Amino acid sequence: MKIKKFNENETPDLSTERADEIVENLTELSSHINQKNEIIDSFINELNNFRSSKKSTNDQIDDSIANLQLIRGSFTDVVDKIDNVVNNMKDYNKSGRKYIY
């Protein structure tokens, strides 16, 4: 017989169906973000044709390119995090709950 601590509650399990829905929705979201990232890349490429030739100062286009590059990096980070969640949910469905740390 397992003896429980007074504050130890059973954690309910997430249903396989719900985990699959989460995986599907996050996969769609990741795909959507990747498509938007391609648009950001095309804006960066287009604006690079109009970049200021002065190295000491930036204009609006230079600033816009820098901000678009930051957005692209953030999108990439978000997609990586979404992929981690998708992999965790797939592992949860396959192997059940495992404590990572």
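Please read all numbers here as calculations on a predicted model, not as lab measurements. (Residues numbered from 1 in each chain as written. Predicted model: local features only at pLDDT ≥ 70, side-chain atom pairs only at ≥ 80, totals over all residues. Heavy atoms only, no water.)

Description of a negative patch on the surface
Moving on, step 1. Taken together, the side chains of Glu-17, Asp-20, Glu-24 and Glu-28 define an acidic patch exposed on the protein surface.
Moving on, step 2. With respect to the secondary-structure elements, Glu-17 resides in helix α1 (residues 16-48).
Moving on, step 3. You can call Glu-17 exposed: its relative accessible area is 54%. (Patch = residues over 30% accessible without salt bridge, like charges linked within 9 Å, V, L, I, M, F, W, Y side chains within 5 Å. Areas by Shrake-Rupley, 256 points an atom, 1.4 Å probe, with all protein chains shown as cover. Salt bridge = Lys/Arg side-chain N within 4 Å of Asp/Glu carboxyl O. Lys, Arg positive; Asp, Glu negative; His and termini not counted. Charge placed at Lys NZ, Arg CZ, Asp CG, Glu CD. Helix = DSSP H or I, 4+ residues; strand = E, 2+ residues; numbered from the N terminus. Buried < 20%, exposed > 50% of the residue type's maximum accessible area, 1.4 Å probe, protein only.)

A few points about the nonpolar core
Moving on, step 1. By size, the foremost hydrophobic cluster in this structure holds 7 residues: Val-23, Leu-26, Ile-33, Val-79, Ile-82, Val-86 and Met-89.
Moving on, step 2. Looking at this core, the elements that each hand over two or more residues are α1 and α2 (60-95).
Moving on, step 3. At 4 residues, α2 tops the list of elements feeding residues into this core. (Core = buried A, V, L, I, M, F, W, Y, C linked by side-chain atoms within 4.5 Å.)

Quick word on the layout of surface pockets
Moving on, step 1. Roughly 210 Å³ of internal volume is contained in the largest pocket.
Moving on, step 2. If you trace the largest pocket, you find it lined by Asn-88, Met-89, Asp-91, Tyr-92, Gly-96, Arg-97, Lys-98, Tyr-99 and Ile-100.
Moving on, step 3. In the lining of the largest pocket, the residues fall into 4 nonpolar, 2 polar and 3 charged. (1 Å grid on protein atoms, 1.4 Å probe; cavity = no way out; pocket = protein on both sides within 12 Å on 5 of 7 lines; lining within 4 Å. Points joined across faces, edges and corners; volume = space filled by probe spheres on them. Nonpolar A, V, L, I, M, F, W, Y, C, P; charged D, E, K, R; others polar.)

Some points on the pattern of salt bridges
Moving on, step 1. Evaluated as defined, the whole model comprises 5 salt bridges.
Moving on, step 2. Of the charged contacts, one joins Arg-18 and Glu-21 as a salt bridge, the two residues approaching to 2.9 Å between their closest N and O atoms. Of the two residues, Arg-18 and Glu-21 are both situated in helix α1; the distance of 3 residues between them amounts to about one turn of the helix.
Moving on, step 3. Note on Glu-21: relative accessible area 41%, which makes it partly exposed.
Moving on, step 4. Here Asp-62 ties to Arg-51 by a salt bridge, and the two come within 3.7 Å at their closest N and O atoms. Note that Asp-62 is positioned in helix α2 and Arg-51 in the loop between α1 and α2, a separation of 11 residues in sequence.
Moving on, step 5. Residue classification places Arg-51 among the partly exposed positions, given a relative accessible area of 41%.

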